[in-house]
Amino acid sequence: MIFNVSHKSPEELFASPIVQQTAFWQRVRQQMGESTLALNYNATSDSVVCAKVPQGKVLADILVVIKNFDSQNSIAYVPYGPELQPLDGMQGVYLEELAECLRSYLPKSCIAIRFDLCWESLWAKDDDFYDSNGWWLGPPEMAIQELRMNFGSVKRNLRKSSSNILPTNTLFINLAVTEERLLSQMKPKTRYNIGLSQRKGVEVKQLKLDQLSLWYQLYSETAKRNGIFLHSIDYFAAVLAAKATNTLSPAEVILLLAEAEGIPLAAMFLVISGNRASYLYGASSSDNRNYMATYAIQWEAIRIAKGRGCVDYDMFGVAPRPDPSHPMYGLYRFKSGFGGEMYHTLGCWDYPLDDTRYNYLSTVEMVSQGYHLT
């Protein structure tokens, strides 16, 4: 199914709507001091989705980020990859073969390969995993997930990670319609708040790298308010400053600020990769919330993405259903107001390369409720 794995230059990573699998993202991780691998591989066309060749092989690639777990151990992390998807029922076989092909390219310190899969959940189309209102209940217990994922594989070695890193539930908005249609598909309250922000004089502008402190002030306030992980300002500087224009997979990063009467109210990172735009990071002030600046900035981002020719807009992370007890319920209420279709991914799956050291990693992650890799 998979063969001919070989090194390639990160500049030659193929264009992709998945920003985490681009040369741009490799530049970001490199600026953060992390080592990466870019690899080509072939897959047989009868084993993958949307293969354009009836019989033969399909060329694909993958970006791997080496994440240090401690001074002696590391993890080969594949953010939202591989992009190329196998046919139903072949996911485990595909990942097992790919993992074994990758093994020889990884450092000896590597404990496991962690695939942060963007593939749709195997249970997302099964009515049994939705409630009577049509809301997603989530996948089955871990043992059942692993049984199905490992179907047909030789070693049956894929393990569901104890925690996920990138969002596993998101909303995709179809941009291939008019602005009037986009507005009509929103919830009435969202449309009203967009109009209210305009009437209150909220303006949205683009920030440059030397204005990053405006973003970070709002972001720090948001992180403290919501109890979320606080990235350093250097991380956001790397995202904004990374240039990959001379590669096959560049990305455009736009830092937006919404303000009224000169007061910063909300900010966000919009990233455009291929034909997709992603709402990557957002922040807002705890004050002056009646200006509805978050609605103004989101609508402007959607309009910019549409103007750049994007066909979809990734809201990048929501609660899987309208559950007030979920920590991302507030994001769900806000983001779902803009319309879009829910999408549920498989999340993080590990392929241990050293069982003893991997068991150590798993124990640490269970105790710490997830080791922060990003």
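Bear in mind that the values here come from a model prediction, so they are computed numbers and not experimental data.

## Section: the overall build of the chain
Step number 1: When its secondary structure is counted, the chain shows ten helices and 13 strands.
Step number 2: Taking 2.2 N^0.38 as the reference for a compact globule, 374 residues should give roughly 21 Å; the C-alpha atoms of the chain span a radius of gyration of 21 Å, in line with that estimate.
Step number 3: The C-alpha extent of the chain, read off along each of the three principal axes, is 60 × 50 × 45 Å.
Step number 4: Considering the chain as a whole, with its 374 residues, one finds that 52% of them fall into the buried category.
Step number 5: The long-range fraction of contacts in the chain, counting pairs at least 24 apart against all pairs at least 6 apart in sequence, stands at 73%.
Step number 6: Looking at the chain as shown, the accessible area adds up to about 17200 Å², and 51% of this sits on carbon and sulfur atoms.
Step number 7: For the chain, the centre of its 35 positive side-chain charges and the centre of its 38 negative side-chain charges are spaced 4 Å apart.

## Quick look at the environment of A99
Step number 1: Secondary-structure assignment places A99 in helix α2 (residues 91–103).
Step number 2: Placed 251 residues apart in sequence, A99 and D350 show a C-alpha to C-alpha distance of 9.6 Å.
Step number 3: Setting aside its immediate chain neighbours within four residues, A99 contacts I113, F115 and Y351.

## Concerning the packing of helix α1 (residues 23–31) against helix α7 (residues 233–241)
Step number 1: Where α1 contacts α7, the two axes come as close as 9 Å, and the packing angle between them is 145°. Handedness of the crossing formed by α1 with α7: right-handed. Mapping the contact onto sequence places F24, W25, V28, R29 and Q31 in α1 and Y235, A238, V239 and A241 in α7.
Step number 2: Among the residues forming the contact of α1 with α7, the class breakdown is seven nonpolar, one polar and one charged.

## A few points about the nonpolar core
Step number 1: One finds F24, Y94, I113, F115, W215 and F269 to be the most contacted residues of the largest nonpolar core, which totals 75 residues.
Step number 2: Aside from chain neighbours lying at most four places away, what touches I113 is A76, V78, A99, L102, L106, W349, D350, Y351 and L353.
Step number 3: Within the second largest apolar cluster, 36 residues are counted, among which are A293, Y295, A296 and Y332.

## Structural notes on the side chain of S153
Step number 1: For S153, the position within the fold is in the loop between α3 (142–149) and β6 (159–160).
Step number 2: Under the relative-accessibility criterion, S153 is labelled buried at 7%.
Step number 3: Those residues in contact with S153, other than ones at most four positions away along the chain, are G92, V93 and E96.

## Considering the pairing of strand β5 (residues 110–120)
Step number 1: With ten of its eleven residues buried, β5 lies for the most part within the structure.
Step number 2: Sheet topology note: the strand β4 (residues 74–79)/β5 ladder contains six bridges and is parallel. Within the sheet, the bridge partner assigned to P79 lies in β5 and is D116.
Step number 3: Direction of pairing for β5 relative to strand β13 (residues 341–352): antiparallel, over a ladder of seven bridges. Looking across to β13, one finds that D116 is bridged to C348.

## Side note on the confidence of the model for the chain
Step number 1: With 97% of its residues at a pLDDT of 70 or more, the chain shows a mean pLDDT of 94.
Step number 2: Note that pLDDT drops below 50 for residues 370–374; the model gives that stretch 18 contacts with residues more than four away or on any other chain.

## Structural notes on the pattern of salt bridges
Step number 1: Tallied over the entire structure, the rule returns 16 salt bridges.
Step number 2: Close ionic contact of K67 with E34 constitutes a salt bridge, the shortest N to O distance being 2.9 Å. Highlighted residues: K67 in strand β3 (residues 57–68) and E34 in the loop between α1 and β2 (35–44), separated in sequence by 33 residues.
Step number 3: One salt-bridge network, held together by shared partners, links R29, E34 and K67.

## Some points on α1
Step number 1: With respect to burial, α1 is a largely interior element, seven of its nine residues being buried.
Step number 2: Residues A23, F24, W25, Q26, R27, V28 and R29 constitute the buried set of α1.
Step number 3: With its phi angle positive at about 85°, G33 sits one or two positions after the end of α1.

## Looking at the packing of helix α6 (residues 212–226) against α7
Step number 1: At a closest axis distance of 11 Å, the pairing of α6 and α7 adopts a crossing angle of 130°. Between α6 and α7, the angle is such that the two are oblique. Crossing of α6 over α7 shows right-handed handedness. Contacts between α6 and α7 involve L212, S213, W215, Y216 and Y219 from the first element and I233, F236, A237 and L240 from the second.

Cut-off values and rules
Residues numbered from 1 in each chain as written. Predicted model: local features only at pLDDT ≥ 70, side-chain atom pairs only at ≥ 80, totals over all residues. Heavy atoms only, no water. Helix = DSSP H or I, 4+ residues; strand = E, 2+ residues; numbered from the N terminus. Rg over C-alpha atoms; globule rule 2.2 N^0.38 Å. Buried < 20%, exposed > 50% of the residue type's maximum accessible area, 1.4 Å probe, protein only. Contact = heavy atoms within 4.5 Å. Areas by Shrake-Rupley, 256 points an atom, 1.4 Å probe, with all protein chains shown as cover. Lys, Arg positive; Asp, Glu negative; His and termini not counted. Charge placed at Lys NZ, Arg CZ, Asp CG, Glu CD. Axes fitted to C-alpha atoms, helices over the stretch in contact; angles between N-to-C directions. Left-handed = near helix turned anticlockwise from the far one by under 90°. Nonpolar A, V, L, I, M, F, W, Y, C, P; charged D, E, K, R; others polar. Core = buried A, V, L, I, M, F, W, Y, C linked by side-chain atoms within 4.5 Å. Pairing = 2+ DSSP bridges. pLDDT = per-residue confidence, 0-100. Salt bridge = Lys/Arg side-chain N within 4 Å of Asp/Glu carboxyl O. Parallel < 35°, antiparallel > 145°, perpendicular 65-115°, else oblique.

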